[in-house]
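Below are the chains, spelled out letter by letter.
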Amino acid sequence: MLRLPPFDFRAPRRLAEAAAILAGEGDGARVVAGGTDLWPNMKRRHQHATTVVSLMGIPELAAVDDGGGELRLGATATLAQVAASDAVRRRYPALACAVRSISSPPLRNMGTLGGNLCLDTRCTYYNQTEPWRRAIDFCMKEAGTVCWVAPSSPRCWAHAASDAAPMLCALGARVLLRAHDGERVVPLEELYRDDGIDYLNKRREEILCAVLLPAEAAVEHCAGSFWKLRRRGAIDFAVVSAAAAAWFDAGGAVERLRLVLGAVASRPLRVVAAEELLAGRRLDEEAVAEAARLARKAATPMDNTDFQAQWRGLMVERYAAAALRQAAGLEPGIRPPHHPL
Amino acid sequence: MKLVGTPFRRVDGRAKVTGQTRFADDLTPPRTCFVRLVRSTLPHARIRAIDLEPARRMPGVLAVLTGDDLPIPFGILPVSEDEHALARGKVRYVGEPVVAVAALTEEQADEATRAVRVDYEPLATIASAEEAIATPEPRIHDYGAGGNVHKRVSLEFGDLEAGFAEADVILEDDCFFDGNTHLPIEQHAALAVPEDEGRVTLYSSTQTPHYVHRALAKVLQLPPARIRVVACPNGGGFGGKSDVFGHEIVVARLALELGRPVKITLTREEVFYCHRGRHPVRMHLKTGFRKDGSITAQHLKTLLDGGAYGSYGVASTFYTGALQTVTYNLPRYRFDGLRAFTNKPPCGPKRGHGTPQPRFAFEVHLDKAAHALGLDPAALRLRHLAPAEAVTANWLKLGTVGLGRCIEAVVEGSGWRRRYGKLPYGRGLGLACGAYLCGAGLPIYWNHMPQSGVQILLDRGGGVAVYCGQTEIGQGSDSVLAAIVAEVLGIGLEDVRLCVADTGLTPVDLGSYSSRVTLMAGNAALQAAERARAILAEAAGERLGRDPQSLVFAGGRVFDAAEPEHGLTFAQAVIEAETRNGTLATTGSYVPPRAPGRYKGAGVGPSPTYSYSAAVLEVEVDPATGLYEVLHVWIAHDVGRSINPTLVLGQVEGSVYMGLGEAMMEEQAFRRLPRRLSPALVHKMPSVLEYKSPTFRDMPEITTYLIEDPDPRGPLGAKEVGQGPLLPIPPALANAIFDAVGARIDQVPIHPHMILRALAAQAKGEEPRCGPRAFPAVDFGPTLRVPTPEEGGDGRALGEDRGGTMSRPASGRPAVRHG
Amino acid sequence: MSEPRNVEPAAEASRVTATLRVNGEDHTVVFPVHHTLLEVLREGCGLTGTKHGCELGECGACAVLLDGRPVLSCLVLAAEAAGHEVETVEGLQEGNRLHPLQAAFADLGAAQCGYCTPGILMTAKALLAQNPEPTAEEIEEALAGNLCRCTGYRKIVQAVAWAAAILRGEEERPPEEAFLGSPLPEVRR
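Residues numbered from 1 in each chain as written. Chains lettered and ligands numbered in written order. Predicted model: local features only at pLDDT ≥ 70, side-chain atom pairs only at ≥ 80, totals over all residues. Heavy atoms only, no water.

Quick word on the overall build of chain A
Note the threshold: In this description a helix means any DSSP run of H or I spanning at least four residues, a strand means any run of E spanning at least two, and both kinds are numbered starting from the N terminus. Every radius of gyration here is taken over C-alpha atoms, with the globule rule written as 2.2 Å times N^0.38, N being the number of residues. Only protein chains enter the accessibility calculation, which uses a 1.4 Å probe. A residue is then buried if its area is under 20% of the maximum for its type, exposed if over 50%, and partly exposed in between. In what follows, residue pairs with any heavy atoms lying within 4.5 Å of each other are defined as contacts. Computed with the Shrake-Rupley method and a 1.4 Å probe, the accessible areas treat only the protein chains shown as cover for residues. A residue counts as positive if it is Lys or Arg and as negative if it is Asp or Glu; His and the chain ends are not included. Where a charge lies is defined by one atom per residue type: Lys uses NZ, Arg uses CZ, Asp uses CG and Glu uses CD.
Across its full length, chain A holds 12 helices and 12 strands. Against the compact-globule benchmark of 20 Å for 341 residues, chain A has a radius of gyration of 20 Å, which places it among compact chains. Overall size of chain A, expressed as C-alpha extent along the three principal axes, is 60 × 50 × 35 Å. Burial statistics for chain A: of 341 residues in total, 65% are counted as buried. Put simply, 63% of the contacts in chain A that link residues at least 6 apart link residues at least 24 apart. With an accessible surface of roughly 11,200 Å², chain A has 48% of that area assigned to carbon and sulfur atoms. On chain A, the mean spot of the 43 positive side-chain charges and the mean spot of the 39 negative ones are 5 Å from each other.

Listed below in structure tokens is the structure:
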């Protein structure tokens, strides 16, 4: 059996206690929630910890709070709970769709929303056991010096594989971070960096506590959509995803729109050029096609996951177009099998 | 028949649904210690030095072994005993076992492996068969057919050129079938337990306990009588557990050294390194057709990427050619094959062993021929079926041939005549067929003993114990064995107790490979049971004053057919017989009929009979993305007779599943890093996440037709079902995609980008096709010319001695045989 | 050559004593705190009915129920399972009577090699508790995290639907086709 290396395990009941442990334990401490990302990574020994602090015993982190305005989703609410939450399904159906598309039912019973947002970036040169990585002399992201996806590149190209992140970025979600010395609320989008190694703008001791969804992104104001490409009807991570959120003016033109891609950069990738192009325009076939081409241009699908990278580039265009079309109430234009919608 | 042919609950069903089945890793006797292996991190290298001292000092470590501790080579085929339990001198692929560490716990063993340092001198690597034939040096092995060629075959049956001269149309195709692996959900595990007086018992997840037994005796240099191998129920095999593995030898050796049970359980990644899966095969197929679709001649070339060791590879090479002749009339046939060594985990037998690749080529080729000739693909096939009981151009003797009925069933079921070629753009139907062995005609090592044996003990309480070396790998072989015995003796399954797959207690059965168990163990069981019935009938007849011939065995009784109330209970009959004869036991054994081929190489391909399948597959292709969904599969399988139709259906549906996996997504893919930077050549994705095995949501509807036409060579008429139904699936998918969008994808797996590439070519007015272009220049060696039966041949090659290789050799052993 | 980052594992694996409630029975076990529920069930409690196929949450073989919900025991620390109800395949039958799911799996050949079966049975049990009359699609969706290499899944879907019917008090057997194959179509030549 592939087993975990030894570590000290702490399961505080209160957030302040967790924050204090993290502050006190230094670099060897890590937070765990559902464990569906950290445990495999530790078993393969590309993430390490001497102390693991579980957040699952802290009741306040698991709550879903719908006051009718901003929706607050606790970071340790499981993906199954988020997908099944009445508030999410009713007010943010595109988010429910994105979360339902994650992995498989047992994984969604374990994995949490916060965990999905902090998901380690992925790469088929990295998500491997230690002996395998030794065979390639390791990689830049862990213990090595070269990014084997692009050996002459100075950076790591591991990609952001979260499904909740692009959708929540599109909807304009914010996150609450808390450490022993205070808390802050930042737009989720600003949590991410386009760097495969340091992919989060977050201090190690900061705990992601909650996701805040603005009322203006609810379905009565905003048209959201999520499209995801993966090989199989379950289990697989996205190899391309496209999330759109659009606000229309009274005349039916785009007032504001966010288009965010998943799995084609080291962070959820906002396609600002497309958003600017579409502002003030009607989302007709021509506008969608133009915007989708801009999405393809912005994306950098690398050969570090399933499917041929070049084809994935074309799929960025197709899936971005599908997301935009759906937001505009048009037929998506593609017919992939087993779409989570 | 009371039981046979009915859907009874499988005899191991209850244990499997209650968690009571004991798989190899479920066994942990007191004092068990655990082994982990250090595996090579280089694809090809000399081992300069191994530093074991730090590992030896790690907590809990009991013993450390290297290749020098187990210097005797082994291999599943006597012609390629090229493996060591742990690498000696050299490593040939990333993942090859180099050092074994035993410790008190698995975690301690694992930690200690991290302390082992191996000093390697890297050698140039070979990543593909094409590269291997172009790169004779450095050699991966110092045996074989020269350079990095393991095996060459060139056989010509009949006057090929004359055949092509008779053709109205000659078609040529290049295609590629990529490698894939078995992925049994159970990872291999083995437990060795030392017994009294220097004996050892190995419990292992193996499909071939008899061959493991022989290899252990050879490598450990122990008399075979001191070794017992028990095959635990396999948590899936599919061919992946039919080699002898180094880890099995390592634990046996350590158990004898440490005097305590020693266990190893592989991780998922290690299972990918064991591999022995589908060979990647490049193929070139050239066929002459008359206007009516009949074939005048066919020339097939195959190039196999064998990986780093022999495994079953010599047989695999022959199998990429041998079964082309058993489906349709093929009067003249030439087969050239070559297997190359590469620095990757060894390929071997996976469900269909060597035949799905050329079957893909042939069935896609026939689809193209039908279009070229303006014929319906189903009609073309139906018109030119191989006749039952025929001897083929390559000297295979056929049994019953249910292929025509299979094709008719799927054609009717799918509405083919109404719908083929007429569905809206994006939707399509594809038809393909296949055939498979019902057991390889020859054993892996030369002998004239039975290939399967059964012993039956009769208890005076009416219980019947059946002993047989056969191995349950999920296919239902235990149920076949029990049902045949119960049927013959007229008792219930609950009165039959099985003892199987134990080389210490059961007569030899060669193993669960080549779809041999139902036919061979089934025939042995039938013989043993009939012998038992004769003894009981004799005694019961005497007691009842009836002619034994008039007695019926049914419902747990033995009675007069004319006066059913006049009889004995089965237990009373046993008591009568035991009183007269003493302790009761019977045996049965099975030796396949001798095949008519006498040429060198004729040993691969013969089988007592062949199963047949046909499938129609419906697909929907999205031309915007190249993504596609298989909507429905209609499949018919000629099983001769179902011992248990429900279990037969399960084998058919499982084969469809595995065939779809191979056709759509499964790939044993490798990565080589830029060679100026690194010598690495690694498995791209040795995980269940990245090796794409279809999920519940990826399976289409399946309509299954069982075609029953009992074959007298099978037990109660039964033929195989475990492997054959996989064969038509990949070509049926390719043919359906053509019907849907007009694109020819001449390779599997069929990825969406390939469809888009073909459609892009179509848009430019080019050939709408994706697949390899030219077959590489390959030297297949001298060609053996064998006149066909039609030409008046006698099964020998021209210029071959009358002795041939099939007769008992005076000394030594012939070069090739098996299955 | 590079070397992996040198993070010292916790010097001495800290051990915990915990009482796991498995199938309604208490098991008091001592185990290192980094051991998963899978390891402790199999090695500490001797409940080897729960299988493992990857230990990375990718195959579903180790699925058990935690407070009635299917989870992958390879990714749950045993320490975290203490205080919760754990259900494994060993607890499925009542006395010596098979659960309808077990009977249906055995009779339809929905278990072939039987290795993925425990995980699938437990996941299916949770589904039926929540949805007594699932459609084929809902069954497929609920079981989509459990890989099976033998069956091609059709027999499993049929068996779950059959068990659901029995649990609802309907004694409906699946159509004969599920046991015998489809009737041969009439051949028009």
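Picking up after the structure, the text goes on.
Quick look at the confidence of the model for chain B
Low-confidence regions, as indicated by low pLDDT, have predicted coordinates that should not be scrutinised in detail. Basically, it comes down to this: Values of pLDDT, ranging from 0 to 100, describe the predictor's confidence in every residue of the model.
Taken over all residues, the pLDDT of chain B has a mean of 96, while the share at 70 or more is 98%. Under the prediction, the complex receives an ipTM of 0.97, its pTM being 0.97.

Thoughts on the sheet that holds strand E4 (residues 90–91) of chain B
Residues and elements named next belong to chain B. Rule in force here: When DSSP locates at least two bridges between a pair of strands, those strands are taken to pair.
Reading across the sheet, the three strands line up as E4-E2-E6 and stay open at both edges, with antiparallel pairing between neighbours. At either end of the open sheet lies a strand with only one pairing partner, and these are E4 and strand E6 (117–122). Relative to E6, strand E2 (residues 45–51) runs antiparallel, the two sharing six bridges. Bridge pairing in E6 places Ala45 opposite Pro122.

Here we look at the interface of chain C and chain A
Applied cut-off: Put simply, buried area is how much 1.4 Å-probe accessible surface two parts lose in total, over both of them, once they are put together. By definition here, a salt bridge exists when the distance from a side-chain nitrogen of Lys or Arg to a carboxyl oxygen of Asp or Glu is within 4 Å. What qualifies as a polar contact is a pair of N or O atoms within 3.5 Å, subject to a donor-acceptor requirement within protein and to the restriction that residues adjacent in sequence count only when both atoms come from side chains. Under the scheme applied, nonpolar residues are Ala, Val, Leu, Ile, Met, Phe, Trp, Tyr, Cys and Pro; charged residues are Asp, Glu, Lys and Arg; polar residues are all the others, including Gly.
Taken together, the contacts link 39 residues of chain C with 37 residues of chain A. When chain C packs against chain A, close to 3,400 Å² is buried across both sides, 63% of that on carbon and sulfur atoms. Counting every contact that joins chain C to chain A gives three salt bridges. Two residues, Glu58 of chain C and Arg44 of chain A, come together in a salt bridge whose shortest N-O distance is 3.9 Å. Where chain C touches chain A, the interface holds eight residue pairs in polar contact (both at pLDDT 80 or more). Across the side of chain C that touches chain A, the residue classes tally to 20 nonpolar, eight polar and 11 charged.

Some words on the pattern of salt bridges
In this structure the tally under the stated criterion is 103 salt bridges over all chains. Where Arg184 of chain A meets Glu206 of chain A, a salt bridge forms, and the shortest distance between an N and an O atom there is 2.7 Å. Taken as a pair, Arg184 of chain A in strand E7 (residues 182–187) and Glu206 of chain A in the loop between E7 and strand E8 (207–213) lie far apart in primary sequence, 22 residues in all. The shortest N-O distance in the salt bridge between Arg46 of chain B and Glu121 of chain B comes to 3.5 Å. One end of the pair, Arg46 of chain B, is in strand E2; the other, Glu121 of chain B, is in strand E6, with 75 residues separating them in the sequence. For Arg46 of chain B, a relative accessible area of 42% puts it in the partly exposed group.

A short note on the sheet that holds strand E7 (residues 149–157) of chain B
Residue and element names in this part refer to chain B. The following threshold applies: Fitting a line to C-alpha atoms yields each axis, with helices limited to the stretch in contact; the angle taken between N-to-C directions then spans 0 to 180 degrees.
Taken together, the seven strands give an open sheet; going across it, the order is E30-E8-E13-E14-E15-E7-E32, and neighbouring strands pair in mixed fashion. Looking at the sheet topology across the chains shown, the edges are occupied by strand E30 (747–748) and strand E32 (784–786). Across two bridges, the pairing between strand E8 (residues 169–177) and E30 is parallel. Within E30, the residue paired with Phe176 across the bridge is Gln747. Those strands touched by helix H10 (residues 356–373) are E8, strand E13 (281–289), strand E14 (295–305) and E30, and its axis lies near 35 degrees from that of E13.

Things to note about the interface of chain C and chain B
When the parts come together, some accessible area is lost, and that loss is often what is quoted as the size of the interface. On the side of chain B, 66 residues touch chain C, which itself brings 64 residues to the contact. With both sides pooled, the region where chain C packs onto chain B buries about 5,300 Å², and carbon together with sulfur makes up 55% of that total. The three residues of chain C that bury the most area against chain B are Gln112, Arg149 and Arg154 of chain C, which together make up 17% of that side's buried surface. Remark: the boundary between chain C and chain B carries seven salt bridges.

A closer look at the packing of helix H17 (residues 645–664) of chain B against helix H18 (residues 729–741) of chain B
All names here are of chain B. What counts, and what does not: Angle categories are assigned with fixed cut-offs, so that under 35 degrees is roughly parallel, over 145 is roughly antiparallel, 65 to 115 is roughly perpendicular, and the rest are oblique. Each crossing gets its hand from how the near helix is turned against the far one by less than a right angle, where anticlockwise is left-handed and clockwise is right-handed.
Here H17 crosses H18 at 55 degrees, and the two axes come no closer than 8 Å. The angle between the axes of H17 and H18 places the two elements in the oblique class. For H17 against H18, the interelement crossing comes out right-handed. Mapping the contact onto sequence places Val656, Gly659, Leu660, Ala663 and Met664 in H17 and Ile729, Pro730 and Leu733 in H18. When its residues are assigned to classes, the contact of H17 with H18 shows seven nonpolar, one polar and no charged.

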